[in-house]
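Working through the structure, step by step
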Amino acid sequence: PESNFETKRSAGMPKVRTSRSKPPAGWELIEPTLTELVQKMRDAENDPHEGKRKAESVWPIMRLHHQRSRYIYDLYYRRKAISKELYEYCLREKYADENLIAKWKKSGYEKLCCLRCIQTRDHNFATTCVCRVPKAKLESHKVVECVHCGCRGCASGPT
């Protein structure tokens, strides 16, 4: 009986969103873009990771997560194209990372790639990630690449 249960369960993908609440007005305008990003995320999750470093296999997922959050952030804060209700619905349904957006609103974190890059416990000497160093302070020929998300520089300020 157990094997039969596993077969039925693996036959179809589980739904990502489990909320029964009706989306607010304006959802139909952003739904195609968000659906496309969700599909790209699924493809990135299912991509083979042979030949890649362990951390490197997560980079496309981190980039898409950032892109989806930035899309909603820009629509609400920069372009003022969506309502507060729709913005809060997107956060509640986990279409965007609420904590990452909270950092983007603070000075000095406007271009932050991911929250792991500023967590001091994940880095040597209790510092932040190398991608947070402004490009002007790095050697010109040095290629900077974050170990956690593959970012090549997310420091705010002069580049």
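Going by the structure above, here's the rest.
Residues numbered from 1 in each chain as written. Predicted model: local features only at pLDDT ≥ 70, side-chain atom pairs only at ≥ 80, totals over all residues. Heavy atoms only, no water.

**Things to note about the packing of helix 2 (residues 27–46) against helix 4 (residues 84–92)**
Two elements in contact, helix 2 and helix 4, have axes whose closest approach is 11 Å; the angle formed by their N-to-C orientations is 35°. Seen along the crossing, helix 2 lies across helix 4 with a hand that is right-handed. Of the residues in helix 4, those in contact with Trp27, Ile30 and Leu34 of helix 2 are Leu86, Tyr89 and Cys90. Class assignment of the residues belonging to the contact of helix 2 with helix 4 gives a composition of 6 nonpolar, no polar and no charged. (Axes fitted to C-alpha atoms, helices over the stretch in contact; angles between N-to-C directions. Helix = DSSP H or I, 4+ residues; strand = E, 2+ residues; numbered from the N terminus. Left-handed = near helix turned anticlockwise from the far one by under 90°. Contact = heavy atoms within 4.5 Å. Nonpolar A, V, L, I, M, F, W, Y, C, P; charged D, E, K, R; others polar.)

**Considering the nonpolar core**
If you look at the biggest cluster of nonpolar residues, it comprises 31 residues, and the most contacted ones within it are Ile30 and Ile72. Of all the secondary-structure elements, those providing two or more residues to this core are helix 2, helix 3 (59–78), helix 4 and helix 5 (98–104). Setting aside residues up to four positions removed in sequence, Ile30 forms contacts with Tyr71, Leu75, Ile82, Leu86 and Cys90. (Core = buried A, V, L, I, M, F, W, Y, C linked by side-chain atoms within 4.5 Å. Buried < 20%, exposed > 50% of the residue type's maximum accessible area, 1.4 Å probe, protein only.)

**So, the environment of Met62**
Counting through the fold element by element, Met62 comes out in helix 3. For the pair Met62 and Cys149, spaced 87 residues apart in sequence, the C-alpha separation works out to 5.8 Å. Residues contacting Met62, with those up to four places away along its chain left out, are Cys114, His148 and Cys149.

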